[in-house]
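# Fold and geometry: a report
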Amino acid sequence: MSTSLTGRRPTDRELALEFPFFGSDHDAFRARIRARIVESVLPRAEAWEEQHGIPADAWKELGAAGLLDVGHTGEDFLRSAVLLEELGSTGYAGIRASIGVHAYMALSYVLLFGTPEQQAAHVPAAHRGERITALAISETGAGSDLRGLRTYAAPSGSDAAAGFVLDGHKSYVANGMGAGLLVVLARTRRPAPDAGAEHGLTGASMLLVDADSPGITRRPQPMLGWRAADITEITFDGVEVPADALLGRRDRALMQVMRALDFERLVAGLLAVGGVRHTLRLLDEHVRARRVKGVPLASHQSVRHRLGELYGEFDMVRRYAFHAAWLHSKGRLDTCTASVLKLRSTELALAAAQVCAQYHGAQGYLEGSAVARLHRDATAGTIAAGASELMRDMIFEAS
Ligand SMILES: Cc1cc2nc3c(=O)[nH]c(=O)nc-3n(C[C@H](O)[C@H](O)[C@H](O)COP(=O)(O)OP(=O)(O)OC[C@H]3O[C@@H](n4cnc5c(N)ncnc54)[C@H](O)[C@@H]3O)c2cc1C
């Protein structure tokens, strides 16, 4: 794939150094991470897809390989940006989503809103891959519009030390079967009977729930793509949750979710950029090698133009992704930037996967092929962590 006017392919080092906030230490970090992914992820990736999840011992290996504990804030996040792009480039969106949810999206709630005691109880074990985290927000009736939230955590007593009794049903939870810790969104105050849909998320809270608590039932909820992501539906039936499981202030989940979602979309965007890079590499190799009518596919102008568009768009989105990562490292990530990145990177991933499948012909449509996996995985990226339409709405509102 060429993105330079000279026609020569820029090396990753050259590309990385174009961003003034990346130095040679990031370059060395990228090389190290890439080597660890080659060693710890790729050899077992197919097996994890077939098993619909990453097994417990493999999580520990990922932790030992330093893939689960790169920082969420400040300069550290620039290294995370490199890691997320590299994870995205594995070609397995289920694996990258699983790691992204555990090490970034779910854990961010503990890091952002947890007390020192909660962080000490959960973060080190998560970094070592000993206890996996999952984020249980969505319900069948509450996805893009969380006002339909039904899961309810009733106070189990009248004094301040009383905990909660949790009832409800969560869907589409990545890492759900393997998780030890669930970060759960639940109402902690019943909306007034006449409140209608306008009560929004008022009176909802985030809770840290032990996934093995009595009263929790988990069932695999396999999807078309993201097969290694261990997607699960979870029922809470009279689950007793202690008072110290409350994350941050009671009834303040709306503000927490809004803040964490910007970060979630940044992470999803960086992972998707890696996914596009992988898809375009596969596509580039194919159109140069595959001959139709005696010449490589890449000799056909229509093919060159389609790929030229994708390469150009990839270059823009990747630069934007690193800009967003840099903004976050300075504490300045805003909802509009996070939404633009999430929208454009995942939509580009879908477009690239579609072209990749088309130019691979029937071999790319074989059930077990890498191209078919890219194709079915790409759709999920435009839905999970906020559907594209919601991103467009948010960009409009913020502009
Ligand atoms: C692979 C995968 C993994 C997931 N992992 C998790 C997880 O770990 N934890 C978790 O809590 N949730 C998870 N989710 C759920 C995800 O967050 C929701 O699917 C998402 O928020 C959309 O909600 P919904 O599926 O209920 O779709 P709905 O809200 O019913 O929307 C359906 C469709 O309507 C369209 N739409 C939505 N809003 C608008 C609008 N404003 N204007 C026009 N059209 C619109 C979109 O095309 C959207 O896809 C996951 C989903 C997927 C697919």
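All figures in this text were calculated on a predicted structure; none of them were measured in a lab.

Taken N-terminus to C-terminus, the directions of helix α8 (residues 253-289) and helix α10 (residues 335-360) make an angle of 25 degrees; their axes are 8 Å apart at the nearest point. Classified by the angle their axes make, α8 and α10 are roughly parallel. Handedness of the α8/α10 crossing: left-handed. For the contact of α8 with α10, the per-class residue count stands at 19 nonpolar, seven polar and three charged.

Summed over the entire model, instances satisfying the criterion amount to one cavity of 30 Å³ or more. Quantified by volume, the largest cavity comes out at close to 130 Å³. Ala 93, Arg 96, Ala 349, Leu 374 and Ala 378 are the residues nearest the centre of the largest cavity, which is lined by 14 residues in total. Residue assignment for the lining of the largest cavity shows that the elements contributing at least two residues are α6 (93-113), α8, α10 and α11 (370-381). Grouping the constituent residues of the lining of the largest cavity by class yields seven nonpolar, five polar and two charged. The residue makeup of the lining of the largest cavity includes at least three contributed by each of domain 1 (12-127) and domain 3 (255-398).

Glancing now at the domain arrangement of the protein chain. Taken as a whole, the protein chain is organised into domain 1 (12-127), domain 2 (133-252) and domain 3 (255-398). Here domain 1 and domain 2 have C-alpha centroids that lie 25 Å from each other. Contacts between the two partners involve 22 residues from domain 1, matched on the other side by 21 residues from domain 2. Contact between domain 1 and domain 2 buries roughly 1700 Å² in total, counting both sides, with carbon and sulfur atoms accounting for 66%. Counting the contacts that link domain 1 with domain 2 gives zero salt bridges. At the surface where domain 1 touches domain 2, the tally comes to eight residue pairs in polar contact (both at pLDDT 80 or more). Of all the secondary structure elements, the ones that give two or more residues to the side of domain 1 that touches domain 2 are α3 (42-51), α6 and α7 (116-127). Looking at which element gives the most residues to the side of domain 1 that touches domain 2, the answer is α6, with 13 residues.

Analysis parameters
Residues numbered from 1 in each chain as written. Predicted model: local features only at pLDDT ≥ 70, side-chain atom pairs only at ≥ 80, totals over all residues. Heavy atoms only, no water. Axes fitted to C-alpha atoms, helices over the stretch in contact; angles between N-to-C directions. Helix = DSSP H or I, 4+ residues; strand = E, 2+ residues; numbered from the N terminus. Parallel < 35°, antiparallel > 145°, perpendicular 65-115°, else oblique. Left-handed = near helix turned anticlockwise from the far one by under 90°. Nonpolar A, V, L, I, M, F, W, Y, C, P; charged D, E, K, R; others polar. 1 Å grid on protein atoms, 1.4 Å probe; cavity = no way out; pocket = protein on both sides within 12 Å on 5 of 7 lines; lining within 4 Å. Points joined across faces, edges and corners; volume = space filled by probe spheres on them. Domains from an automatic or database assignment. Contact = heavy atoms within 4.5 Å. Buried area = accessible area lost by both parts, 1.4 Å probe. Salt bridge = Lys/Arg side-chain N within 4 Å of Asp/Glu carboxyl O. Polar contact = N/O pair within 3.5 Å; in protein donor to acceptor, adjacent residues only side chain to side chain.

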